[in-house]
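The chain contents come next:
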2 protein chains.
Amino acid sequence: MDESAPSLRYAAAKQPQVATAKGERTRELILETALRLFYERGWRKTTMRGIAAEAGVSLGNAYYYFHSKESLIQAIYAQSHEEHMAACQGVLATEISFGARLQGVMKAKLDTLARYHSFAGVLFATAADPRSPLNPWSEASAAVRRQSIALFAEVVAGSDARIPKWLRPELPGLLWTYHMGIILFWVHDRSPDRRASYQLARRTVELINQLVALARVPLLRPLVQSVLALLGEIRAAA
Amino acid sequence: MDESAPSLRYAAAKQPQVATAKGERTRELILETALRLFYERGWRKTTMRGIAAEAGVSLGNAYYYFHSKESLIQAIYAQSHEEHMAACQGVLATEISFGARLQGVMKAKLDTLARYHSFAGVLFATAADPRSPLNPWSEASAAVRRQSIALFAEVVAGSDARIPKWLRPELPGLLWTYHMGIILFWVHDRSPDRRASYQLARRTVELINQLVALARVPLLRPLVQSVLALLGEIRAAA
DNA sequence: AACACGATTTGAACACGTTCAATATCGAGC
DNA sequence: GCTCGATATTGAACGTGTTCAAATCGTGTT
C-alpha cells in the first residue's frame, strides 16, 4: 500500500539548490519554455523532450532542475502566487472596508490566474492527490499556504470591520478555504473570460460580508457555537 | 491548446459493449484483479502489465475492456456508487426525520468508500481535472451524478421536514455538493478508521438541519434571497 | 599553468501506458 | 460439417516520464 510508504515520486523532493548564475538562467529558461509550451500545446501534448529541445538543453538537464513534469506545475503555481501577492498591494494599501479589500484580493487572484487557465486543470488535479506536494495541505506547499493565509489575515486586520472576537482567529483560514473553492469553480469555468467566476466571487464576497455582520445577532448564537466547535474539531483532526 | 479540442484520451471513450458471457467474465476478472492490486500495491506501483499478468490475460486484452488505467478507476467508482445506493435502502425505508435520513446516507457513503481509501486520492485527483470523465460535472459521470442527486432528493422527499418552498428545488443539488465536500475531506483524512470524517459528517448534518430550520426566520430573508439569486446565477453559468 | 572539486550537462537506458494490425475463438445460418 | 462475421485475444511497437553513470564546465587554489 503506497499510503504508509510514501511513493518515491513524492518523497523529500528537494530540488538542487541552484548555485551559479548560469544555473539560475538555465532554470528560468526551462521554466519559461515549459510555461509557453503548456500554453501553446496544453499539458498532455507538451513533453519533457519537447521542452528540453525548445529550450536548447538536454532532457537530463531539464530533470536536473525539475525532478518531474509535475514539479514544473508546482513552480508555475509558486510564480502565480508571487504575482498575486504583488497585485494585492494596491488594494490593501488604500482600501479600508473589509468588503472592498476582500473584493480586491479576489479579483487580483482571478486576474493573475487568467493566463494559466488552459492548463490549470492539471494543477488542480495533481493538487487534489493527498500525496502530491501541490496539495494545499502538504508540507511542500506549506510556505505558500502560510503566506496566502497571512494575506487574508491582512485583509481582515487592515479593515474597519467589527469582527466578533471569537471569529477573528478563524476568519483568515476560512477565507483561504473559501478562496480555494472559488478557484475550484474557476478551473471548471467555461464562460467567456471566466466572467462567471468574477461574478461568483463578487457575489460571494458580498454574502460573506452579510454573514460576518449577522454573526453578532443573538438569535444565531447556538448555530455559531456549533460552527465554532466544529472548526475546532477539524483543526484538531488535521 | 488542448482545451478547445478535447484530448483524444478523454474523447467519446465508448467502452466496447461486452457482447458475450465469456467477455463479461473476462472483464470482471480484470476489474477484480485491478482492484486487488491497487489495494495491495497502490495506484502507481500497479501496472497494466501487472494486472494483465495477474489476471492471466494479455496486455492488449486488458485494454480491450478498459481503454485506460484511469478508466479502471472509473469502473471502480461506479461500483462503489452501486454499493452506496444499495446500502442506503435501509435507512430510506425506515427513517422519517430529515436529519436521521441524511445521517444514514452519509454514514453509508463513508462505510462503502472505506475499502477504497488507500487509492481514493487518485480517484479524486483525476476527478478534479475538468476534462476527465471522472470529474463529477462531466458527461461521462452524468448518469452517476443524476442518480446521486436523486438519492438526496429522496432523502428530502421521504422526510417529514418542513422545507421552505423556495429551497426544495435547490436542496438535493446542494446536499450533493456538500457530500462531495465531505468526500474531499475523507480523501485527506489520516485519522484511524477515518473517524474524523465520520465525526465531521455527523456534525455538519446537524448543522444543515439547523440551517434548514433557520431558513424560515424572517430576519434572514435578505441573506436567503442573496443565496438564492447566487445559486440561480451559478446554474445559469454552468 | 595545472589541479581539484563541486556544479552542471549529456545521452543512453528502462519501465510504463497506449495503440494496432494480425490472429484466434465462437456461434449462427446453410 | 462448413463458412462467415462478429467478438475476443495477442504481442510487438511507439512515445513518454524518469533515472543515472559518465562527461564537461567553471572557479578557486596551489
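Located above this text is the structure these notes cover.
A short tour of the structure in this document, coming up. From a predicted model like this one, the values you see are computed outputs, not experimental measurements.

Criteria and cut-off values
Residues numbered from 1 in each chain as written. Chains lettered and ligands numbered in written order. Predicted model: local features only at pLDDT ≥ 70, side-chain atom pairs only at ≥ 80, totals over all residues. Heavy atoms only, no water. Helix = DSSP H or I, 4+ residues; strand = E, 2+ residues; numbered from the N terminus. Buried < 20%, exposed > 50% of the residue type's maximum accessible area, 1.4 Å probe, protein only. Contact = heavy atoms within 4.5 Å. Near = heavy atom within 4 Å. Polar contact = N/O pair within 3.5 Å; in protein donor to acceptor, adjacent residues only side chain to side chain. Nonpolar A, V, L, I, M, F, W, Y, C, P; charged D, E, K, R; others polar. Salt bridge = Lys/Arg side-chain N within 4 Å of Asp/Glu carboxyl O. Buried area = accessible area lost by both parts, 1.4 Å probe. Least-squares fit on C-alpha atoms with pLDDT ≥ 70 in both.

Okay, the overall build of chain A next. Broken down by element type, chain A carries ten helices and zero strands. For chain A, the N- to C-terminal ordering of α and β elements is α-α-α-α-α-α-α-α-α-α. Across the 238 residues of chain A, 50% fall into the buried class. Across chain A, contacts joining residues at least 24 apart in sequence account for 70% of those joining residues at least 6 apart.

So, about the protein's contact with DNA strand D. Near DNA strand D there are 23 residues, and of these Arg 49, Tyr 63 and Lys 69 of chain A together with Ser 58 and Tyr 65 of chain B occur at the shortest range. Counting only the atoms of DNA strand D within 4 Å of the protein, the fraction contributed by sugar and phosphate is 62%. Lys 69 of chain A has a polar backbone atom sitting 2.7 Å from a phosphate oxygen of DNA strand D. Counting only elements with at least two residues in the surface near DNA strand D, the list comes to α2 (48–55) and α3 (59–65) of chain A together with α1 (21–41) and α3 (59–65) of chain B. The class makeup of the residues in the surface near DNA strand D is eight nonpolar, ten polar and five charged.

Near DNA strand C lie 23 residues; those nearest to it are Ser 58 of chain A together with Met 48, Arg 49, Tyr 63 and Lys 69 of chain B. Backbone atoms, meaning sugar and phosphate, make up 62% of the atoms of DNA strand C lying within 4 Å of the protein. Here a phosphate oxygen of DNA strand C and a backbone polar atom of Met 48 of chain B are 2.8 Å apart. Note that a phosphate oxygen of DNA strand C is positioned 3.0 Å from one of the side-chain N or O atoms of Tyr 63 of chain B. Contributions of two or more residues to the surface near DNA strand C are made by α1 (21–41) and α3 of chain A together with α2 (48–55) and α3 of chain B. If one sorts the elements of the surface near DNA strand C by residue count, α3 of chain A sits on top with four residues. For the surface near DNA strand C, the per-class residue count stands at eight nonpolar, ten polar and five charged.

Residues and elements named next belong to chain A. Here Ser 148 lies in helix α7 (residues 142–157). Among the residues examined, Ser 148 registers a relative accessible area of 5% and is labelled buried. For Ser 148, the contacting residues outside a window of four places in its chain are His 81, Trp 176 and His 179.

Now for the pattern of salt bridges. Here the structure, examined in full by the defined rule, presents 14 salt bridges over all chains. Within this structure, Arg 36, Glu 40, Arg 41 and Glu 54 of chain A form a network of salt bridges that share partners.

This part covers the interface of chain B and chain A. Residue-level contacts link 49 residues of chain B with 49 residues of chain A. For the chain B and chain A pair, buried surface summed over both sides reaches about 4,400 Å², with 61% attributable to carbon and sulfur atoms. Linking chain B with chain A are zero salt bridges, by the criterion used here. Summed over the shared surface of chain B and chain A, the result is two residue pairs in polar contact (both at pLDDT 80 or more). Elements that contribute at least two residues to the side of chain B that touches chain A include exactly α1, α6 (117–128), α8 (171–188), α9 (195–214) and α10 (221–237) of chain B. Considered class by class, the residues forming the side of chain B that touches chain A number 26 nonpolar, ten polar and 13 charged.

Copy one and copy two of the chain differ by a rotation about an axis and a translation along that axis. Note on the identical chains: chain B maps onto chain A by a rotation of 180° and an axial translation of 0.1 Å, with an RMSD of 0.1 Å. On this basis, the relationship between the two copies can be described by a two-fold rotation axis. Proximity to the rotation axis, assessed at the C-alpha, singles out Ala 125 of chain B in chain B; its C-alpha lies 2.3 Å from the axis.

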